[in-house]
Structure formats: C-alpha cells, structure tokens
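Observations on chain architecture
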Amino acid sequence: MVEQRKKDLEKISKAWRNEILKIACLIRDWRTVGLDIKKIQWKQNLYRCRYWKYRIIFSILWNKIQVIRVWNRWNIYKWL
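Residues numbered from 1 in each chain as written. Predicted model: local features only at pLDDT ≥ 70, side-chain atom pairs only at ≥ 80, totals over all residues. Heavy atoms only, no water.

**A few points about the pattern of salt bridges**
Here is the rule we go by: Counted as salt bridges are all cases of a side-chain nitrogen of Lys or Arg within 4 Å of a carboxyl oxygen of Asp or Glu. Under the scheme used here, helices are H or I runs from DSSP no shorter than 4 residues and strands are E runs no shorter than 2 residues, and both carry numbers assigned from the N terminus. Here the term buried applies to any residue with accessible area under 20% of the maximum for its type, exposed to any over 50%, and partly exposed to those in between, with areas from a 1.4 Å probe on protein chains only.
All chains considered together, the criterion is met by five salt bridges. The partner of Glu19 in a salt bridge is Lys22, and the shortest N-O contact between them spans 3.7 Å. Here Lys22 and Glu19 lie together in helix H2 (residues 14–28), a separation of three residues that amounts to about one turn. What makes Glu19 partly exposed here is its relative accessible area of 30%. For Asp36, the salt bridge is made with Arg48, and the minimal N-O distance between the two is 3.6 Å. Residue Asp36 is found in strand E1 (residues 36–39), and its partner Arg48 is found in strand E2 (residues 46–51); the two are separated by twelve residues along the sequence. Residue classification places Asp36 among the partly exposed residues on the basis of a relative accessible area of 22%. By sharing partners, the salt bridges in this structure join Arg28, Asp29 and Arg31 into a single network.

Right, dumping it as structure tokens:
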C-alpha cells in the first residue's frame, strides 16, 4: 500500500506535490481550518480533502490518521 501512495505522488508535478504534502501534514496534525473536508458516505471512518483538482482520501481510526490515496479528479474512474 505504501508503494502505491509513493507512485501516486510521483505522478504529480513537483510544485503540486509540495502543496499536497503540506496539506497531508495539516490533516495529520488535525489543523483542518480552511480545508475542504467531507466524510465519505459509503465507508466508515473515511474522509476526503479536496484541493483544486486533487483529492486526498484519509481515514481516522482510534485517533490515528492515515492517508490512503491521492489522485487527480479526472483519473477517478481509473481508481474506482
């Protein structure tokens, strides 16, 4: 699973990757003011954060936050 996340980040340009990593750190520290975060209805403990054309899917379980997937919204059908 970690390899897939690395591949996802490598596909993103360097400038966007830095922004995504900053947002992932904010999510990890749960400083979510100003972020567009919503609960995913069809799964428990899954949330998505929207940043421009990118989506960050993460889970919260026992107060532990784990980033699951980062993708470009135009590639969503490939993931589903």
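**Quick notes on the pairing of E1**
Heads up, the rule is: A pair of strands counts as paired when DSSP detects no fewer than two bridges linking them.
Across four bridges, E1 lies against E2 in antiparallel orientation. Paired with Lys39 across the strands is Tyr47, a residue of E2. Connecting E1 to the next strand, E2, in antiparallel fashion are six residues, including Asn45 with a positive phi near 65°.

**Some remarks on the sheet that holds strand E4 (residues 64–72)**
Within a sheet, neighbouring strands are paired by backbone hydrogen bonds and run either parallel or antiparallel to one another. So the rule is basically this: Only the contacting stretch of a helix is used when fitting its axis, a line to C-alpha atoms as for every element, and angles between N-to-C directions run 0 to 180 degrees.
Spatially, E1-E2-E3-E4 is the arrangement adopted by the four strands of the open sheet, whose pairing is antiparallel. With one partner strand each, in any of the chains shown, E1 and E4 form the two edges of the open sheet. Strand-to-strand twist across the sheet, computed as the mean angle between neighbouring axes with direction ignored, equals 25°. Pairing geometry for strand E3 (residues 54–61) and E4, over eight bridges, is antiparallel. Looking at the pairing, Ile56 lines up with Val70 of E4.

**Details of the pairing of E3**
Two faces belong to every sheet, and in a regular strand the side chains alternate between them. Among the eight residues of E3, six are classified as buried, and the element is accordingly described as predominantly covered. Once E2 ends, the chain turns through two residues before running back antiparallel as E3, passing Trp52 with a positive phi of about 50°. Linkage of E3 to E4, two consecutive antiparallel strands, is achieved through a turn of two residues, within which Trp62 is found at a positive phi near 55°.

**Describing the nonpolar core**
Note the following rule: Side-chain atoms within 4.5 Å link the members of a nonpolar core, which is a set of buried Ala, Val, Leu, Ile, Met, Phe, Trp, Tyr and Cys residues.
Of all hydrophobic cores here, the largest spans nine residues; its members are Ile12, Ile20, Ile23, Ile27, Cys49, Tyr54, Ile56, Phe58 and Val70. Within the residue set of this core, elements represented by two or more residues are H2 and E3.

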